[in-house]
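Observations on chain architecture
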Amino acid sequence: MTDTELEWSRGDRAKAAAKLMVGWVALLWLLEVVDVASGHALDGLGITPRTPSELVDVVPAAFIHFGFAHVAANSVPLLVMGFLAALGGLRRFAAVCALIIVADGLGVWLIAPAHSNTAGASGLIFGLFGYLVVTGFVERRPLGVLVGLLVAAVWGTSIVVGLAPTQSGVSWQGHLLGLVAGVATAFAFRRRAARIHAVQG
């Protein structure tokens, strides 16, 4: 592959990642518009813990928000961190997001306070933060390490604050579980890559 072809492949990857995340964030805003227009009918897609019928909401809950301020708070970090994570490949990114969303949602279902209703993209955001900060180190990629350090510098304080259990109306459980899921996903994908390399070698 020539240098020009390599640059094009990187450029195409960046464009695809950008389009994906702009579309994802636009979908969140559209869903909130529908929610408000329907009298907040979509709020029921949040997760109520330890209710068997609520297991079907584990994935949809990551796309539903409680008001426009909630969506706005999640839009920029999801857009930027999602874009950075998607640069590693859209299939890999889809798998990373799926694992974080499912693990976080199941965890919330198990340990969130009774009678609570948890929804929003923040669990995924905390997961992507953990994934981006750790993956460069576990894969020993200097550029990945640099990206992780930059992400930690920009959002590290907000992440720490979001883990505090003293905040009213904030699911610190969802934040913590998302963060743990993101870190675990970084290691899981690293091990998978090592196995493939060993087989091919």
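Below or above, wherever it landed, is the structure these notes cover. Values in this document were obtained by computation on a predicted structure and should not be read as measured data.

1. Topic: the nonpolar core
Formed by 34 residues in total, the largest nonpolar core has its most connected members in Trp-24, Leu-78, Met-81, Phe-93, Leu-124, Leu-128 and Phe-129. Every element with two or more residues in this core is listed here: α1 (3-37), α2 (68-86), α3 (90-111), α4 (122-138), α5 (142-162) and α6 (172-200). At ten residues, α4 tops the list of elements feeding residues into this core. Discounting chain neighbours no more than four positions away, the residues touching Phe-93 are Leu-20, Met-21, Trp-24, Gly-82, Ala-85, Ala-86 and Leu-128. Ranked by size, the runner-up nonpolar core spans eight residues in total, among them Leu-42, Val-108, Ala-112 and Ala-119.

2. What about the packing of aromatic side chains?
If you walk through the whole model with that rule in mind, you get three aromatic pairs. With a centroid separation of 6.1 Å and 65° between ring planes, the pair formed by Trp-24 and Phe-93 is classed as edge-to-face. Of the two residues, Trp-24 sits in helix α1 while Phe-93 sits in helix α3, which places them 69 residues apart along the sequence. Residue class for Phe-93 comes out buried when judged on its relative accessible area of 3%. By way of ring pairs, the aromatic residues Trp-24, Phe-63 and Phe-93 are connected into one cluster.

3. Section: the pattern of salt bridges
Side-chain pairs of opposite charge can arise where the charged atoms are in close proximity. Going through the model one piece at a time under the given rule, you end up with two salt bridges. With a shortest N-O distance of 2.7 Å, Arg-92 and Glu-139 are connected by a salt bridge. With Arg-92 in helix α3 and Glu-139 in the loop between α4 and α5, this pair connects stretches of sequence that are 47 residues apart. Owing to a relative accessible area of 24%, Arg-92 belongs among the partly exposed residues under this scheme. Taking the relative accessible area as the measure of exposure, Glu-139 reaches 24% and is therefore partly exposed. Sharing partners across several salt bridges, the network here consists of Arg-92, Glu-139 and Arg-141.

Conventions we followed
- Residues numbered from 1 in each chain as written.
- Predicted model: local features only at pLDDT ≥ 70, side-chain atom pairs only at ≥ 80, totals over all residues.
- Heavy atoms only, no water.
- Core = buried A, V, L, I, M, F, W, Y, C linked by side-chain atoms within 4.5 Å.
- Buried < 20%, exposed > 50% of the residue type's maximum accessible area, 1.4 Å probe, protein only.
- Helix = DSSP H or I, 4+ residues; strand = E, 2+ residues; numbered from the N terminus.
- Contact = heavy atoms within 4.5 Å.
- Phe/Tyr/Trp six-rings, centres within 6.5 Å; stacked < 30°, edge-to-face > 60°.
- Salt bridge = Lys/Arg side-chain N within 4 Å of Asp/Glu carboxyl O.

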